[in-house]
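Structure at a glance
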Amino acid sequence: DAKLLRTLNGIMIISNRELARFKGQLRQFIIDDKGVVVVANFGLRASTFPNMVSERALPFTKSIARFLETELEVQCRIGATYGEAYCGVV
């Protein structure tokens, strides 16, 4: 339905816009049994910054939640973790 497609497109636009602003990378955008899932990475090779978690990753989570609510009236839940992630060809 057209409303659903507009909402999904809006989620993707907001996600990409905020990832670009905070220098993150989109890892995955899927729709599954949990709903829409956006997985992002911060700190991949050639994009690491001092205080990356406190100044980029965590502010990104707050920002995307705020914009999803104010621009699309979409409620969301966000989880974050810290550690190493594989980046390469599988």
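The notes below deal with the structure included here. (Residues numbered from 1 in each chain as written. Predicted model: local features only at pLDDT ≥ 70, side-chain atom pairs only at ≥ 80, totals over all residues. Heavy atoms only, no water.)

Let's talk about helix α2 (residues 52-72)
Here is the rule: Numbered from the N terminus, helices here are DSSP runs of H or I no shorter than four residues, and strands are runs of E no shorter than two. Take the residue count of a helix, subtract one, and multiply by 1.5 Å to get its expected span. Note on bend: at a given residue it equals the angle between the axes fitted to the 7 residues ending there and to the 7 starting there. Type-normalised accessible area, obtained with a 1.4 Å probe on protein chains alone, sets the label of each residue: buried when under 20%, exposed when over 50%, and partly exposed for intermediate values. Contact between two residues is taken to exist if any of their heavy atoms lie within 4.5 Å; hydrogens are not considered.
The terminal C-alpha atoms of α2, which comprises 21 residues, lie 28 Å apart, in line with the 30 Å expected from a rise of 1.5 Å per residue. Of all the bends found along α2, the most pronounced is centred on Pro59 and spans about 30°. Within the span of α2, buried status applies to Met52, Arg56, Ala57, Phe60, Thr61, Ser63, Ile64, Phe67 and Leu68. If you follow the buried residues of α2, they end up packed against α1 (2-22) and β2 (35-41).

Here's the deal with the packing of α1 against α2
Put simply, the rule is: Throughout, an axis means a line fitted to C-alpha atoms (over the contacting stretch in the case of helices), and angles, computed between N-to-C directions, take values from 0 to 180 degrees. Each angle receives one of four descriptions, namely roughly parallel if under 35 degrees, roughly antiparallel if over 145, roughly perpendicular if within 65 to 115, and oblique otherwise. It is the rotation of the near helix from the far one that decides the hand of a crossing: anticlockwise by less than a right angle makes it left-handed, clockwise makes it right-handed. Ten residue types, Ala, Val, Leu, Ile, Met, Phe, Trp, Tyr, Cys and Pro, are classed as nonpolar, four, Asp, Glu, Lys and Arg, as charged, and the remainder, Gly among them, as polar.
Where α1 meets α2, the axes come as close as 10 Å, and the angle between the chain directions of the two elements is 150°. In terms of axis orientation, α1 runs roughly antiparallel to α2. Handedness of the α1/α2 crossing: right-handed. Mapping the contact onto sequence places Thr7, Gly10, Ile11, Ile14, Ser15, Arg17, Glu18, Leu19, Arg21 and Phe22 in α1 and Glu55, Arg56, Pro59, Phe60, Ser63, Ile64, Phe67, Leu68, Glu71 and Leu72 in α2. When the residues that make up the contact of α1 with α2 are grouped by side-chain class, the tally is 10 nonpolar, four polar and six charged.

Examining the pattern of salt bridges
The following threshold applies: A carboxyl oxygen of Asp or Glu within 4 Å of a side-chain nitrogen of Lys or Arg is what we treat as a salt bridge.
Counted according to the given criterion, the structure contains three salt bridges. A salt bridge links Arg17 to Glu71; the nearest nitrogen and oxygen atoms lie 3.1 Å apart. Of the two residues, Arg17 sits in helix α1 while Glu71 sits in helix α2, which places them 54 residues apart along the sequence. Taken together, the shared-partner salt bridges connect Arg17, Glu18, Arg21 and Glu71 into one network.

A look at the environment of Val74
Inspection of the secondary structure puts Val74 in the segment after α2. Those residues in contact with Val74, other than ones at most four positions away along the chain, are Thr7, Leu68 and Glu69.

Quick notes on the pairing of β2
Basically, it comes down to this: Whether two strands pair depends on DSSP finding at least two bridges between them.
Pairing between strand β1 (residues 25-32) and β2: seven bridges, direction antiparallel. Within β2, the position partnered with Leu26 by the bridge is Ala40. Between β1 and β2, which pair antiparallel and follow one another directly, the connecting turn spans two residues.

These figures come from the coordinates and say nothing about function on their own.
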